[in-house]
Amino acid sequence: MNTATAGYALICFDGLNLLINQHAIVSLENMVTLRDGENEIKASEIIKENACEVHSLTAHLGVANKINTQCRYIVVLQADEQRFGITADSVQSLLMQDPELHYLPTCMSISTSPIKAYIQVEERIAFCCDVDALWCHINSSESRHEYQA
């Protein structure tokens, strides 16, 4: 993925299409090359060099101890000074510099959500996601789950 020329990446994050600025992507790990036969692989072992945790939407945004084998990629993102990984079903580079954003209707807008707008990409709807806001959302989600436990 060439981040110098492309502006955005379309990431399918556990079934949710997210439009993310490519400059926020630190690395992209392909699960096919990382699998070790039929052994279970821990997320922490996969991205040791990036020293960050991998999160999964299907695991309620918690840290993924084991990688869902249906996920094809792990995308490591940089938010301010925090690196974190997310599982992804697909990753596509988009050559768009100024996407035409449509803001969410007021009745669908949630103040704590990292999604504030959407865009139509080919025949799909992608939700524009700020990486810093996504990290805050994941971090606060983990805090809520720890508090409830």
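The structure contained in this document is the topic of the report that follows. From a predicted model like this one, the values you see are computed outputs, not experimental measurements. Sequence order as written defines the numbering, with residues in each chain counted from 1. In view of the model being predicted, local features appear only for residues whose pLDDT reaches at least 70, and side-chain atom pairs are presented and counted only at 80 or more, with totals across whole chains, interfaces and linings using the full set of residues. As a convention, hydrogens and water are excluded, and side-chain values are obtained from all of the structure's heavy atoms.

With respect to the overall build of the protein
Argument step 1. Put simply, DSSP H or I for four residues or longer makes a helix, DSSP E for two residues or longer makes a strand, and each gets a number counted from the N terminus. From N to C terminus, the protein includes 3 helices and 11 strands.
Argument step 2. Listed by position from the N terminus, the elements making up the protein come as β-β-β-α-α-β-β-β-β-β-β-β-β-α.
Argument step 3. Within the protein, the proportion of its 149 residues that are buried is 43%.
Argument step 4. For the protein, the share of sequence-separated contacts (at least 6 apart) that also reach a separation of at least 24 residues comes to 58%.
Argument step 5. All accessible-area figures derive from a Shrake-Rupley calculation using a 1.4 Å probe, and residue coverage is judged against the displayed protein chains alone. When the accessible surface of the protein is split by element, carbon and sulfur atoms take 49% of a total near 8,900 Å². Categorising residues by exposure relies on relative accessible area from a 1.4 Å probe, with only protein chains included: less than 20% of the type maximum marks a residue as buried, more than 50% marks it as exposed, and the intermediate range marks it as partly exposed. Throughout, a contact is declared for two residues whenever any of their heavy atoms are within 4.5 Å.

Quick word on the nonpolar core
Argument step 1. In terms of nonpolar packing, the biggest core is built from 22 residues, with Ile11, Ile20, Val75, Leu77, Phe84, Ile86 and Val131 touching the most fellow members.
Argument step 2. Where this core is concerned, the elements lending two or more residues are strand 1 (8–13), strand 2 (16–21), strand 6 (73–79), strand 7 (82–88) and helix 3 (131–148).
Argument step 3. Apart from residues lying up to four places away in sequence, isoleucine 20 is in contact with Gly7, Tyr8, Ala9, Ile11, Leu77, Cys129 and Val131.
Argument step 4. The next biggest cluster of nonpolar side chains, apart from the first, holds 9 residues, and it includes Leu10, Leu94, Ala117 and Val121. The definition of a nonpolar core used throughout is a set of buried Ala, Val, Leu, Ile, Met, Phe, Trp, Tyr and Cys residues joined through side-chain atoms within 4.5 Å.

Points about the sheet that holds strand 7
Argument step 1. Two strands pair if DSSP finds at least two bridges between them. Spatial ordering of the open sheet is given by 3-6-7-4-5, a layout of 5 strands whose pairing is mixed. Strands at the two margins of the open sheet, each flanked by one partner only, are strand 3 (25–30) and strand 5 (62–63).
Argument step 2. When strand 6 meets strand 7, the two strands line up antiparallel, connected through 7 bridges. Bridge pairing in strand 7 links leucine 77 to phenylalanine 84.

A closer look at the pattern of salt bridges
Argument step 1. The salt bridge definition used is simple: a Lys or Arg side-chain nitrogen within 4 Å of an Asp or Glu carboxyl oxygen. Within this structure, the stated rule accounts for 1 salt bridge.
Argument step 2. Arginine 124 is the salt-bridge partner of glutamate 122, the closest N and O atoms lying 3.6 Å from each other.
Argument step 3. For glutamate 122, a relative accessible area of 58% corresponds to the exposed category.

Re the environment of serine 56
Argument step 1. Positionally, serine 56 belongs in strand 4 (residues 54–56).
Argument step 2. The buried category is assigned to serine 56, whose relative accessible area is 5%.
Argument step 3. As a C-alpha pair, serine 56 and alanine 88 span 32 residues in sequence and 8.5 Å in three-dimensional space.

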